[in-house]
Amino acid sequence: MFNFENIKNSDVKCKLEDMYFQINNTSNSIYKIVNITDERIFLTDTKEGGNFSISKEIYPDFNKGDLLKKENGKYLKI
């Protein structure tokens with residue numbers, strides 16, 4: 001596993017972490033939206049834990065507390 005702690009630029013670190021978690025997320029997982037900012041939606045895996053974010057621009061209708069699943073590379077409300 002790659003050690004993200006060695007990356008000093010926080011923007012780069014955030015983007016790499018997002019890409020890593022997006023690639024490694026399984027389709028059977030359920031995610032809960034735990035926070036929303038102007039640009040990002042922060043999710044946690046309800047079984048495994050761990051936080052990651054997705055773009056709010058892509059999912060403008062999601063709200064804090066929504067439960068999601070990932071199908072065909074897209075997050076859907078359940």
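Residues numbered from 1 in each chain as written. Predicted model: local features only at pLDDT ≥ 70, side-chain atom pairs only at ≥ 80, totals over all residues. Heavy atoms only, no water.

S.K.: I'd love a proper account of the packing of aromatic side chains, names of residues and values included.
M.R.: This structure, assessed with the given rule, holds 5 aromatic pairs. Ring plane angle 90° and centroid distance 5.5 Å describe the contact between Tyr 31 and Phe 52, whose orientation is recorded as edge-to-face. Of this pair, Tyr 31 sits in strand S1 (residues 30-36) while Phe 52 sits in strand S3 (residues 51-55); the two residues are 21 residues apart in sequence, bridging distant segments of the chain. Ring geometry for Tyr 59 versus Tyr 75: centroids 5.9 Å apart, planes at 80°, classification edge-to-face. With a gap of 16 residues between them, Tyr 59 in the loop between S3 and strand S4 (67-71) and Tyr 75 in strand S5 (residues 74-77) connect regions that are remote in the sequence. Across this residue pair, the class does not change: Tyr 59 and Tyr 75 are buried. Pairwise contacts between aromatic rings join Tyr 31, Phe 52, Tyr 59, Phe 62 and Tyr 75 into one cluster. (Phe/Tyr/Trp six-rings, centres within 6.5 Å; stacked < 30°, edge-to-face > 60°. Helix = DSSP H or I, 4+ residues; strand = E, 2+ residues; numbered from the N terminus. Buried < 20%, exposed > 50% of the residue type's maximum accessible area, 1.4 Å probe, protein only.)

S.K.: Lay out the pattern of salt bridges in plain terms, naming residues and giving numbers.
M.R.: Overall, the coordinates contain 2 salt bridges when judged by the stated rule. Its salt-bridge partner being Lys 77, residue Asp 66 comes within 3.5 Å of it at the nearest N-O pair. With Asp 66 in the loop between S3 and S4 and Lys 77 in strand S5, the pair connects residues that are 11 residues apart, well separated along the chain. Its relative accessible area of 17% is what places Asp 66 among the buried residues. (Salt bridge = Lys/Arg side-chain N within 4 Å of Asp/Glu carboxyl O.)

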